[in-house]
Amino acid sequence: MTANWASFVAAEPDLAKTVEERFKAFTHHVLATLRKDGSPRTTGLEVRFLNGELWLGMMPDSRKALDLRRDPRFALQANPGEGTGMGGGDVRISGRAVEIDDPETKAAYGEEVEPPEPFHLFRTELTEVVRTYVEDDTYLVVQAWKPGEPLRTIKRT
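Keep in mind that what you see is a predicted model, and the values were worked out from it rather than measured.

> Sorry if this is basic, but what is going on with the nonpolar core here?
Considering soluble globular proteins, one finds that nonpolar side chains tend to be buried as a cluster. Counting 26 residues, the largest nonpolar core has Trp 5, Phe 23, Leu 56, Leu 76 and Ile 93 as its most contacted members. At the level of elements, α1 (5-11), α2 (13-24), β3 (47-50), β4 (53-58), α3 (63-70), β5 (73-77), β6 (90-99) and β7 (120-135) are the ones that each hand at least two residues to this core. Per-element tally for this core: the top contributor is α2, with 4 residues. If near-sequence neighbours (up to four positions away) are discounted, Phe 23 is found in contact with His 29, Val 47, Phe 49, Leu 76, Gln 77, Ala 78, Val 91 and Ile 93. One finds Ile 100, Val 113, Phe 119 and Leu 121 within the second-largest nonpolar core, a separate group that totals 7 residues.

> Would you mind showing me how to read the environment of Ile 154 here?
The topology assignment puts Ile 154 in strand β9 (residues 152-156). Ile 154 sits 131 residues away from Phe 23 along the chain, and the two C-alpha atoms are 23 Å apart.

> I would appreciate a short explanation of α3 in the present structure.
For an α-helix the count is 3.6 residues per turn, leaving residues at separations of three or four pointing the same way. All of the buried residues in α3 are Lys 64, Ala 65, Asp 67 and Leu 68. For α3, the buried positions fall inside an angular range of 160° around the axis, keeping them on one side. As for α3, its buried residues are in contact with β1 (29-34), β2 (40-45), β4, β5, β6 and β7.

> How should the environment of Val 141 be read in this particular structure?
Structurally, Val 141 can be placed in strand β8 (residues 139-145). The buried category is assigned to Val 141, whose relative accessible area is 0%. A C-alpha to C-alpha distance of 6.9 Å links Val 141 and Thr 153, two positions 12 residues apart in sequence. Those residues in contact with Val 141 that sit more than four places away from it in its chain are Arg 131, Thr 132, Tyr 133, Glu 135, Thr 153, Ile 154 and Lys 155.

> Help me understand the pattern of salt bridges, please; the structure alone is not making it clear to me.
Two side chains that carry opposite charge are able to pair once their charged atoms sit near each other. Across all of its chains, the model carries 10 salt bridges by this definition. Salt-bridge contacts for Arg 92 lead to Asp 90; the nearest nitrogen and oxygen are separated by 2.4 Å. Judged by its relative accessible area of 30%, Arg 92 is partly exposed. As a salt-bridge pair, Glu 125 and Arg 123 come within 3.5 Å of each other at their nearest N and O atoms. Ionic contacts of the salt-bridge type, sharing partners, join the residues Arg 41, Asp 67 and Arg 70 into one network.

Procedures and definitions
- Residues numbered from 1 in each chain as written.
- Predicted model: local features only at pLDDT ≥ 70, side-chain atom pairs only at ≥ 80, totals over all residues.
- Heavy atoms only, no water.
- Core = buried A, V, L, I, M, F, W, Y, C linked by side-chain atoms within 4.5 Å.
- Buried < 20%, exposed > 50% of the residue type's maximum accessible area, 1.4 Å probe, protein only.
- Helix = DSSP H or I, 4+ residues; strand = E, 2+ residues; numbered from the N terminus.
- Contact = heavy atoms within 4.5 Å.
- Arc of directions from axis to C-beta.
- Salt bridge = Lys/Arg side-chain N within 4 Å of Asp/Glu carboxyl O.

See the structure below:
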């Protein structure tokens, strides 16, 4: 089961706001894809939240774009920032990337983001969103959301 960004926002607005703020705090994040041989590949990436979707834009024929064309599964981790504080916690999103070839959709994205042309554009379908943070300098808290399931919160000492 998957959900788009708007569905996640509707299901868990507080967590969605925190996740989006973490991604908007920095420009570059880490995308994990699968290589042809099944081994992981991590690369830097900028993301955009527009019109109820989480978008991934990429240079033409980049390795990450070719990976996603072959196997759409991905994991995306927000840039933790400087030091060890990770304000807002560690945030990760997993899902599937759907390449968008529709000229109108790409043009609308291009008007908003102004990426170098040409570019690959992928819309995300979320399978899991996870936030990990420290509460009261005592607990490690893990919040995990999957489409169609309630938010799970685990506290560890």
